[in-house]
Amino acid sequence: MSEVSLVVNGRKVSGAVEDRTLLVHFLREHLGLTGTHVGCDTSQCGACVVHVDGKAMKSCTMLAAQASGSTVTTIEGLANGADLHPVQAAFKEHHGLQCGFCTPGMIMTATDMIRRHPEGLDEATVRAELEGNICRCTGYHNIVKAILAASKTMSKASKSKAKKAA
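Residues numbered from 1 in each chain as written. Predicted model: local features only at pLDDT ≥ 70, side-chain atom pairs only at ≥ 80, totals over all residues. Heavy atoms only, no water.

Going by what an unreviewed UniProt entry lists, the protein chain is known as Carbon-monoxide dehydrogenase small subunit and is assigned to Aminobacter niigataensis.

Student: Would you mind going over the nonpolar core with me for this structure?
Tutor: V87, F91, M106, V126, L130, I143 and I147 are the most contacted members of the largest nonpolar core, which has 22 residues in total. Within the residue set of this core, elements represented by two or more residues are α3 (86–93), α4 (103–116) and α6 (141–165). Of all the elements, α4 adds the most residues to this core, at 6 residues. For M106, the residues in contact, after removing those within four places along its chain, are F91, L130, N133, I134, C135, Y140 and I143. (Core = buried A, V, L, I, M, F, W, Y, C linked by side-chain atoms within 4.5 Å. Buried < 20%, exposed > 50% of the residue type's maximum accessible area, 1.4 Å probe, protein only. Helix = DSSP H or I, 4+ residues; strand = E, 2+ residues; numbered from the N terminus. Contact = heavy atoms within 4.5 Å.)

Student: How should I be thinking about the side chain of S59 in this particular structure?
Tutor: Among the secondary structure elements, S59 is positioned in the loop between β4 (55–58) and α2 (64–67). Judged by its relative accessible area of 0%, S59 is buried. At 2.7 Å, the side chain of S59 forms a polar contact with the backbone oxygen of C48. In contact with S59, other than residues within four places in its own chain, are L22, L23, V24, T36, C48 and V50. (Polar contact = N/O pair within 3.5 Å; in protein donor to acceptor, adjacent residues only side chain to side chain.)

Student: When you look at the pairing of β4 in this model, what are you seeing that I'm missing?
Tutor: In summary, the side chains of a regular strand alternate between the two faces of the sheet. Sheet topology places strand β3 (residues 49–52) next to β4; 4 bridges connect them, and they run antiparallel. Bridge pairing in β4 links H51 to A56. Linkage of β3 to β4, two consecutive antiparallel strands, is achieved through a turn of 2 residues, within which D53 is found at a positive phi near 50°. (Pairing = 2+ DSSP bridges.)

Student: What am I meant to see in the sheet that holds β3 here?
Tutor: Consider a sheet: its strands pair through backbone hydrogen bonds, and that pairing is either parallel or antiparallel. Strand order in the open sheet formed by 5 strands is β2-β1-β5-β3-β4, with mixed pairing between adjacent strands. Two strands lie at the open edges of the sheet, namely β2 (11–17) and β4, each paired on one side alone. Neighbour to neighbour, the strand axes of the sheet diverge by 40° on average, direction disregarded. Lying over the sheet, helix α1 (residues 23–30) contacts β1 (2–8), β2, β3 and β5 (71–73), oriented at roughly 105° with respect to β2. Running over the sheet, α4 touches β3, β4 and β5 and is turned about 40° from β3. (Axes fitted to C-alpha atoms, helices over the stretch in contact; angles between N-to-C directions.)

Have a look at this one:
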């Protein structure tokens, strides 16, 4: 057994887990954060993407003990209360989901993608970076539209903040 201690969605949590416990199972089974999905257990689908210390990570590829001491953000921690995160709002507005199973992983991947490309994104980049996320319903068109719209919104907001600070 290992004792893990980390910050999840701004809250300090800890617990004893078997050494083989994956982060995705710790989040779902120990903390009740079921928005992070288990799709394949082989790191192929991306349904389990969370942010670990600010970077997208497939939580089915990381042991809970490896995450000890880290800060983790799940889909449940992305919104600000009732206010959706801009990526969540864009998925809603542009119908970037159908059954919803892949949606949490897609949104978490998209927020990391936008963070790494603050100048904005183009369709080719979005499609290339979504390669590790599988959606069996939508054909990706509206997912890509949603990510491009969120990128545009967040890029404008970032530029506006920079102008005010100058």
